[in-house]
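Structural characterization, general
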Amino acid sequence: MIIAVDGPAASGKGTLAEGLARHYGLPHLDTGLLYRAVGWAVREVPEGPDFEARAIAVAQGLDAAHLRNLDELTSAEGGVFASRVAVIGAVRQAMRQYQREFAARPGGAVLDGRDIGTVICPQADVKLFITCDSKVRMERRARQLENRGLTVDRYALYHQIEERDARDRANPHGGFYKADDAHLLDTTLLDIEASLRAAIAIVDGTMAHKAGL
Ligand code: C5P
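In this report, the structure presented in the accompanying data block is examined.

How each quantity is defined
Residues numbered from 1 in each chain as written. Predicted model: local features only at pLDDT ≥ 70, side-chain atom pairs only at ≥ 80, totals over all residues. Heavy atoms only, no water. Helix = DSSP H or I, 4+ residues; strand = E, 2+ residues; numbered from the N terminus. Expected span 1.5 Å × (residues − 1). Contact = heavy atoms within 4.5 Å. Buried < 20%, exposed > 50% of the residue type's maximum accessible area, 1.4 Å probe, protein only. Pairing = 2+ DSSP bridges. Axes fitted to C-alpha atoms, helices over the stretch in contact; angles between N-to-C directions. Lys, Arg positive; Asp, Glu negative; His and termini not counted. Salt bridge = Lys/Arg side-chain N within 4 Å of Asp/Glu carboxyl O. Polar contact = N/O pair within 3.5 Å; in protein donor to acceptor, adjacent residues only side chain to side chain. Near = heavy atom within 4 Å. Areas by Shrake-Rupley, 256 points an atom, 1.4 Å probe, with all protein chains shown as cover.

Before going further, it helps to spend a moment on helix 1 (residues 13-24). With twelve residues, helix 1 should reach 16 Å at 1.5 Å per residue; the first-to-last C-alpha distance of 16 Å fits that figure. In the core, the buried residues of helix 1 are packed alongside strand 1 (2-6), strand 2 (28-30), strand 3 (109-113), strand 4 (126-131), strand 5 (183-186) and helix 10 (192-210). Phi turns positive one or two residues past the end of helix 1, at Gly 25, with a value near 65°.

What follows is the structure in structure tokens.
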């Protein structure tokens, strides 16, 4: 079973995808981490033709060594760096194969990102599109960062999330929208447990429906 989980920055899709993977015993790929790793590697390169070429080279040679510094990669800045490289078509192309192979594992997988249900796995058995009010998304991300002992400027964080949303929405190479056959799950008023219960109910219901039950 392939489960695709898409949604905007800090919508809780990563936590949900992890919970679904645990529940169904499936491997999980956080595809945002791939873009974060590429963005982080070229964070000091000024934008321009050289920036694109360097980002493409990193994406083509991406390996586990790039994914090591999770605290840096999953920081708010890491998200902004990721969205800078995510608009480069050749970067997306370079990482497509890896994501598709991950999804094609025997038994299936859970992938979360922006374009999983539309571009990477249009054939996914179940597609979820997670939404959440942007102020709630900011507050959730702020608490995550504070739990790591970081000091958070909520005003700056809100603007970082908005900047990332705007760049992602305008991405000419993205399929950053809800697939027609995706189930919408708004987590604004739900905590993690309630969101996961709702997601499991959608997955079970969809699979039962497909099996003609
Ligand atoms: O999901 P996460 O917030 O970690 O993603 C970081 C950034 O990586 C996104 O804002 C987006 O620009 C990019 N991304 C993408 N396609 C994906 C996953 C992430 O373009 N499948």
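Right, picking up where we left off after that structure.
Attention shifts here to the pairing of strand 3. Judged by how many residues are buried, strand 3 sits mostly within the fold: five of five residues are covered. Side chains of strand 3 alternate between two faces, with Ala 109, Leu 111 and Gly 113 and Val 110 and Asp 112 buried alike. Sheet analysis places strand 1 next to strand 3, joined by five bridges and oriented parallel. Across the sheet, Ala 4 pairs through a bridge with Leu 111, a residue of strand 3. Where strand 2 lies against strand 3, three bridges are found, and the strand directions are parallel. Within strand 3, the residue paired with His 28 across the bridge is Val 110.

Let us look at the sheet that holds strand 3. The five strands are arranged 2-3-1-4-5 in an open sheet whose pairing can be described as parallel. Each edge of the open sheet is held by one strand with a lone partner, namely strand 2 and strand 5. Neighbouring strand axes in the sheet, compared pairwise and without regard to direction, differ in orientation by 20° on average. Across the sheet, helix 2 (residues 31-41) lies against strand 2 and strand 3, angled at about 40° from strand 2, the strand it touches most. Sitting on the sheet, helix 6 (residues 89-103) touches strand 1, strand 2 and strand 3, and the angle it makes with strand 3 is about 145°.

So, on to the environment of Arg 22. Along the chain, the position of Arg 22 falls in helix 1. Considered as a pair, Arg 22 and Val 110 are 88 residues apart in the sequence and their alpha carbons are 9.7 Å apart.

Next up on the list: the side chain of Asp 6. With respect to the helices, strands and loops of the structure, Asp 6 is situated in strand 1. Of the buried charged residues, Asp 6 lacks a salt bridge, with Arg 114 as the closest side chain of opposite charge at 6.9 Å. In this structure the side chain of Asp 6 is engaged in a polar contact, spanning 3.2 Å, whose partner is the backbone nitrogen of Asp 115. For Asp 6, the side chain forms a polar contact with the main-chain nitrogen of Gly 117, separated by 2.8 Å. Discounting chain neighbours no more than four positions away, the residues touching Asp 6 are Lys 13, Gly 113, Arg 114, Asp 115, Ile 116, Gly 117, Leu 128, Phe 129 and Ile 130.

Taken together, 15 residues lie around the ligand, and Arg 36, Arg 92, Arg 114, Arg 164 and Asp 168 are the ones closest in. Here Arg 92 contributes a side-chain N or O atom positioned 2.7 Å from an oxygen atom of the ligand. Between the ligand and Arg 164, the relevant distance is 2.8 Å, taken from an oxygen atom to a side-chain nitrogen or oxygen of the residue. When isolated, the ligand has an accessible area of 450 Å², and the protein chains bury 97% of it. When residues of the shell around the ligand are traced back to their parent elements, those giving at least two are helix 2, helix 5 (76-85) and helix 9 (154-169). Broken down by element, the residue count for the shell around the ligand peaks at four residues, all from helix 2.

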